[in-house]
Amino acid sequence: MIQLQNVNKYFYKGEPREVHALIDITLTIQDGEFTLFSGPSGCGKTTLLNAIGALDSIDSGEIYLDEKEIGSLSEDARTSIRLNAMGFVFQAYNLVPVLSVEENIGFIMKLRGFSDAQIKQRVLEVASMLEIDNKLSSLPHALSGGQQQRVAVARAVAAKPKFILADEPTANLDSKNSKALMDMMRELNEKEGVSILFASHDDYIHENVRRIIKMNDGAIVDA
Amino acid sequence: MFKLLVKMAWKNSFLRLSRTLLVIMMIGVSMSMMLGIQGLYDGMTVNMIDKNKRSDSGDISIYAKEYRIEKDLKHTIKNAAQIKEQLQKREGIEAVVLRLRAEGLASTARKSTFTTINAIDLAEEESFGKFSAFLKEGELDLDKRGALVGIELAKTLKIRIGSKVIFSTQDVSGEINSIALKVTGIVQTTNIVLDKSAIFVQSKKLYTFLGVGADEATQIAIKSHDEKLYASLKETYPNLDVKSFLELQPMMKMMQEMMRIFNSITFFIVMSVVFIGILGVMYVSVLDRIREFGIMLGIGMHYKYIRLQIFLEALFVGFIGYASGAILGIILLVYLRDYGLDLSAFADAMQSFGYETTVHGTIKFSYFSTTFLAIMSASVLSVLIPLRKIKTLKPIEVIKAEK
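Because the structure is predicted, anything quoted here is derived from the model rather than measured.

Quick notes on the rules
- Residues numbered from 1 in each chain as written.
- Chains lettered and ligands numbered in written order.
- Predicted model: local features only at pLDDT ≥ 70, side-chain atom pairs only at ≥ 80, totals over all residues.
- Heavy atoms only, no water.
- Domains from an automatic or database assignment.
- pLDDT = per-residue confidence, 0-100.
- Helix = DSSP H or I, 4+ residues; strand = E, 2+ residues; numbered from the N terminus.
- Contact = heavy atoms within 4.5 Å.
- Buried area = accessible area lost by both parts, 1.4 Å probe.
- Salt bridge = Lys/Arg side-chain N within 4 Å of Asp/Glu carboxyl O.
- Polar contact = N/O pair within 3.5 Å; in protein donor to acceptor, adjacent residues only side chain to side chain.
- Nonpolar A, V, L, I, M, F, W, Y, C, P; charged D, E, K, R; others polar.
- Pairing = 2+ DSSP bridges.
- Axes fitted to C-alpha atoms, helices over the stretch in contact; angles between N-to-C directions.
- Core = buried A, V, L, I, M, F, W, Y, C linked by side-chain atoms within 4.5 Å.
- Buried < 20%, exposed > 50% of the residue type's maximum accessible area, 1.4 Å probe, protein only.

A. Examining the domain arrangement of chain B more closely. Once the domains are mapped, chain B shows domain 1 (2-52 + 252-402) and domain 2 (60-224). Look at where the C-alpha atoms of domain 1 of chain B and domain 2 of chain B centre, and you get two points 50 Å apart.

B. Inspection of the confidence of the model for chain B at higher detail. Residues and elements named next belong to chain B. Summarising the model, chain B shows a mean pLDDT of 89, and 99% of its residues fall at 70 or more. By mean pLDDT, helix α13 (residues 347-352) is the weakest element of chain B at 71, and strand β1 (residues 60-64) is the strongest at 95. For this predicted complex, the interface confidence comes out at an ipTM of 0.86, alongside a pTM of 0.76.

C. A look at the interface of chain A and chain B. At the junction of the two partners, chain A supplies 28 residues and chain B supplies 25 residues. Between chain A and chain B, a total of about 2500 Å² is buried, with carbon and sulfur atoms accounting for 65% of that surface. At the surface where chain A touches chain B, the tally comes to 1 salt bridge. A salt bridge links A:Glu103 to B:Lys7; the shortest N-O distance between them is 2.2 Å. Put simply, chain A and chain B have 7 residue pairs in polar contact (both at pLDDT 80 or more) between them. Ranked by residue count, the leading element in the side of chain A that touches chain B is helix α2 (residues 75-85) of chain A, at 6 residues. A per-class count over the side of chain A that touches chain B returns 13 nonpolar, 6 polar and 9 charged.

D. Structural detail: the sheet that holds strand β9 (residues 211-216) of chain A. All names here are of chain A. Spatially, β6-β7-β8-β3-β9-β10 is the arrangement adopted by the 6 strands of the open sheet, whose pairing is mixed. A single partner strand is all that each edge strand has here, and the edge strands are β6 (86-89) and β10 (219-222). This sheet shows a mean twist of 25° between the axes of neighbouring strands, independent of strand direction. Here β6 pairs with strand β7 (residues 163-167) via 4 bridges, running parallel. Bridge pairing in β7 places Val89 opposite Ala166. Along the sheet face, helix α1 (residues 45-52) touches β3 (34-38), β6, β7, β8 (195-199) and β9 and points at about 150° away from the line of β8. Strand contacts of α2: β6 and β7, with the helix running at about 85° to β6, the strand carrying the most contacts.

E. Spatial organisation of the pairing of strand β7 (residues 176-187) of chain B. Residue and element names in this part refer to chain B. Sheet topology note: the strand β4 (residues 135-138)/β7 ladder contains 3 bridges and is antiparallel. Each residue of the ladder has a partner; that of Gly138, found in β7, is Gly185. Bridging between strand β5 (residues 146-150) and β7 involves 5 bridges; their strand directions are parallel. Within the sheet, the bridge partner assigned to Gly150 lies in β7 and is Val187. Inspection of the sheet shows strand β6 (residues 164-170) paired to β7 by 7 bridges, in the antiparallel sense. The residue bridging Val165 from the neighbouring strand is Leu181, located in β7. Linkage of β6 to β7, two consecutive antiparallel strands, is achieved through a turn of 5 residues, within which Gly174 is found at a positive phi near 95°.

F. View of the sheet that holds strand β1 (residues 2-11) of chain A. All names here are of chain A. Overall, antiparallel pairing links the 4 strands, which are arranged β2-β1-β4-β5 in an open sheet. What marks the edges here is a single partner per strand, and that holds for β2 (19-29) and β5 (68-69). Relative to β5, strand β4 (residues 60-65) runs antiparallel, the two sharing 2 bridges. Its bridge partner lying in β5, Tyr64 is registered against Glu69. Packed on one face of the sheet, α1 meets β1, β2 and β4 and runs near 55° to β2.

G. Fine view of the nonpolar core. Counting 123 residues, the largest nonpolar core has A:Phe37, A:Ile105, A:Met185 and A:Phe198 as its most contacted members. The biggest single contributor to this core is helix α12 (residues 303-338) of chain B, with 11 residues. The contacts of A:Phe37, once residues within four sequence positions are left out, are A:Leu27, A:Ile29, A:Lys45, A:Leu48, A:Leu49, A:Ile52, A:Leu197, A:Phe198, A:Ala199, A:Ser200, A:Ile213 and A:Met215. Core analysis: the second largest hydrophobic core is formed by 47 residues, B:Ala64, B:Leu157, B:Ile159 and B:Val212 among them.

H. Representation of the pairing of strand β8 (residues 198-202) of chain B. All names here are of chain B. When you tally the buried positions in β8, you get 4 out of 5 residues, the bulk of the element. Relative to β8, strand β3 (residues 112-120) is paired through 5 bridges, and the arrangement is parallel. Looking across to β8, one finds that Asn118 is bridged to Phe200. Where β5 meets β8, 2 bridges bridge the pair, whose relative direction is antiparallel. Bridging across to β8, Val149 finds its partner in Ile199.

In structure tokens:
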């Protein structure tokens, strides 16, 4: 479970161009949720997703991950939180270019110290679920955008994190691939019980999530 | 994890193939040149030292106490033959020769100059220092009035094979005597002193001419690689002047030191080039992939793994550069050792400094081990600056910049 209490975040703090990016955000996200942060560009949904994902620091308030406060941790401790509890899917896929699809999917598991046998088994399982099991030996540059994004999802989900944070995961995909990816993520949510949090403008995501948190000008207007 | 990091580092090292190959080539070529120069410098010194030992001082020489201050025939070692016998029985001594040397004047019909006449036994000198290798012209014939003359002395006196030379000196009783000699050979020892002033004659003849007793000698030269021998001889013969090679030839020590400094300077320059080369390629490589590293940090890869990966990348580049340099270096050094570098265009200058005109290189394991350590260290040091870039990198900045 993730809990946010009175979270505030500023950009360019103390400067004339200061922006109050997150305003008194208080929110609870239960395990297994399939949630979308929605709102117009610049409303703070990506900033909120980054704060929840321990990617960015906050200026005030508290963020709890399973009752452990993570908002004020050091960079190194936040890296450990990201490694052990989070999975990330970015707009630009961000796969390791010199590693094969199989190695990319197993990358986080490797970082977390899983055995080679465990990694192999899980990679096959996830790749098969995401229909990229015939591409395991390929390098990322040999894949289409949709296939690369599936590999990114597979990498995020392989180590069984509690939360997957996906920031505009379909922004670089055509509608067919977006729909396919979304269906797969919903299946993962249902089968694996992993919580998935999106920040997106994609209508198809809007239609398929179970919870929508609407934001405007850095504040939650409807949770 | 380590295996995966090694794989990533290896593949990333060759991500920009031409850039990496250029750096490897730069390391390889500069390293092999450095090895060649080191081998030649050392070869020149080793060769010079070797010839000085063989032609004159050996590893250790023994004189009468006063001889080196006043080179007079009254300061001979009186029981030299007996000492020689004792020394030959000692372990660790490879060869011993007795020499009698006297200073005097050598004259031809038109020229005269200061010389030293040396009584030698050709057979003994051959086993002591392969004397025959010094012969440049003529033959090793000391029978009758035959004499061998140093190459520079021959030039000074303008003499050739078959020329007549009169050598005058004071004998042991103080009388001035002269002896007529016929030049049968010209020798080049590359020992400047001998080449400029030495005449070599048959031992028995000079002993008779100078009136010196058969048991006496001015010098006992010893060939030995036993490092403890010097101290032991000093203890055994406290009434004699026991000198090591470097004590007798301080110039050689200075030359060794000079060559060491030259080598160090060359080494430093080449290692700086290697350091800058690897630093350049690693810095650009890290900057090229800064987004990738930011994302890796973002998805939970700890900085220590990224650091290890970059260290490995630099070590791979350094090691391949080293390996190519070592291969090229061995080829160059073997060539220089076997065929040498012909510097006969500078023959006069080389000979006046006691060098041979063809310089042969040496090969030492230390060239390769020291260079290996230096290149690996340069590789490790070269990534410290690029690593600072990553250490201060915040993944969120990369992720934001992407959007």
